[in-house]
Amino acid sequence: MNRFIVNTICAVCLAFVGQCVSADFKTVGTSRFEYIFWDVYDATLATTTGQYEFPQHPTKLSLTYLRDFAAKDIVKATNEQWQYLGKNQLVKKYDDKLLAIWPDIKEGETLTFITTETGVGTFYHQNKELGSIKDVNFADDFLSIWLSENTSEPKMRKQLLGR
């Protein structure tokens, strides 16, 4: 079988698997993140059961931005949240990888993070796969920004958890 046919079959299979995985998620909760008087993004947490206990996989966290943001500003905010959580060893650790994966975001666009059962996470922008970070701890560290008991936004966490 020639390489073109194999690549086409693989692409179709991967697209189908991605659709099946997405279709299996049930919303746990939603919340809007506001900073001072600005609406920043709407967040939706979903799992295959519709319930969540940290850390649980597979998990889907979607952020629909209500303003334009440069990728570098999202990376900066990620680092600030890890610092808040006392995860200082993560600050700047993933900057280059995240900047290579994340695009600048326009108002109304969605950035989604989906983890597999083994906890490997992949980022999507407008449902298009962007890439993964193959560190076994990354997914839990990333999701802890919103879902850790020590998050800087406990009200948001409570809403995302459907409580």
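Residues numbered from 1 in each chain as written. Predicted model: local features only at pLDDT ≥ 70, side-chain atom pairs only at ≥ 80, totals over all residues. Heavy atoms only, no water.

**As for the packing of aromatic side chains**
Given two aromatic rings, one states the distance between the centres and the angle between the planes to describe the pair.
Reasoning step 1: In total, this model carries 17 aromatic pairs according to the counting rule given.
Reasoning step 2: Their ring planes at 20° and their centres at 5.6 Å tell us that Phe 138 and Phe 142 sit as a pair that is stacked. Placement of the pair is Phe 138 and Phe 142 together in helix α4 (residues 138-147), with a separation of four residues, close to one helical turn.
Reasoning step 3: Using a relative accessible area of 0% as the deciding quantity, one classes Phe 138 as buried.
Reasoning step 4: Three or more aromatic residues link up through ring pairs in this structure, and these residues are Trp 82, Tyr 94, Trp 102, Phe 113, Phe 123, Phe 138, Phe 142 and Trp 146. (Phe/Tyr/Trp six-rings, centres within 6.5 Å; stacked < 30°, edge-to-face > 60°. Helix = DSSP H or I, 4+ residues; strand = E, 2+ residues; numbered from the N terminus. Buried < 20%, exposed > 50% of the residue type's maximum accessible area, 1.4 Å probe, protein only.)

**Focus on the packing of helix α2 (residues 71-84) against α4**
Reasoning step 1: For the pair α2 and α4, interaxial distance at closest approach is 9 Å and the crossing angle is 90°. The orientation of α2 relative to α4 falls into the category roughly perpendicular. Along its contact with α2, which presents Thr 78, Gln 81 and Trp 82, the element α4 presents Phe 138, Asp 141, Phe 142, Ser 144 and Ile 145.
Reasoning step 2: Taken together, the residues of the contact of α2 with α4 break down into four nonpolar, three polar and one charged. (Axes fitted to C-alpha atoms, helices over the stretch in contact; angles between N-to-C directions. Parallel < 35°, antiparallel > 145°, perpendicular 65-115°, else oblique. Contact = heavy atoms within 4.5 Å. Nonpolar A, V, L, I, M, F, W, Y, C, P; charged D, E, K, R; others polar.)

**Remarks on the side chain of Thr 115**
Reasoning step 1: If you trace the backbone, Thr 115 turns up in strand β4 (residues 110-115).
Reasoning step 2: A polar contact of 2.8 Å, which involves the side chain of Thr 115, links it to the side chain of His 57.
Reasoning step 3: Apart from the residues lying within four places of it in its own chain, the contact partners of Thr 115 are His 57, Pro 58, Thr 59, Val 120, Gly 121, Ala 139 and Leu 143. (Polar contact = N/O pair within 3.5 Å; in protein donor to acceptor, adjacent residues only side chain to side chain.)

**With respect to the nonpolar core**
Reasoning step 1: By size, the foremost hydrophobic cluster in this structure holds 34 residues, and its most contacted members are Tyr 41, Trp 102, Phe 138, Phe 142 and Trp 146.
Reasoning step 2: With seven residues, α4 is the largest single contributor of residues to this core.
Reasoning step 3: If sequence neighbours within four positions are ignored, Trp 102 has contacts with Ala 71, Ile 74, Val 75, Thr 78, Leu 111, Phe 123, Leu 130 and Phe 142. (Core = buried A, V, L, I, M, F, W, Y, C linked by side-chain atoms within 4.5 Å.)

**Here's the deal with the pairing of strand β2 (residues 38-47)**
Reasoning step 1: As judged from the nine bridges shared by strand β1 (residues 26-35) and β2, these two strands associate in the antiparallel manner. Directly across from Glu 34, in β2, lies its bridge partner Asp 39.
Reasoning step 2: Hairpin remark: β1 followed by β2, antiparallel, with two residues in the connecting loop; positive phi at Ile 36, about 55°.
Reasoning step 3: Relative to strand β3 (residues 59-65), β2 runs antiparallel, the two sharing seven bridges. Its bridge partner being in β3, Tyr 41 is matched across the sheet by Tyr 65. (Pairing = 2+ DSSP bridges.)

**Thoughts on the pattern of salt bridges**
Reasoning step 1: In total, this model carries six salt bridges according to the counting rule given.
Reasoning step 2: Between Asp 42 and Arg 32 there is a salt bridge; the shortest N-O distance is 2.6 Å. Here Arg 32 lies in strand β1 and Asp 42 lies in strand β2, a separation of 10 residues in the sequence.
Reasoning step 3: Take Arg 32: its relative accessible area is 40%, and that puts it in the partly exposed class.
Reasoning step 4: Between Lys 93 and Asp 135 there is a salt bridge, with its nearest N and O atoms 3.5 Å apart. Remark: Asp 135 occurs in the loop between β6 (128-132) and α4 and Lys 93 occurs in the loop between α2 and α3 (95-101); sequence separation between them is 42 residues.
Reasoning step 5: Here Lys 93 falls in the partly exposed class, since its relative accessible area comes to 49%. (Salt bridge = Lys/Arg side-chain N within 4 Å of Asp/Glu carboxyl O.)

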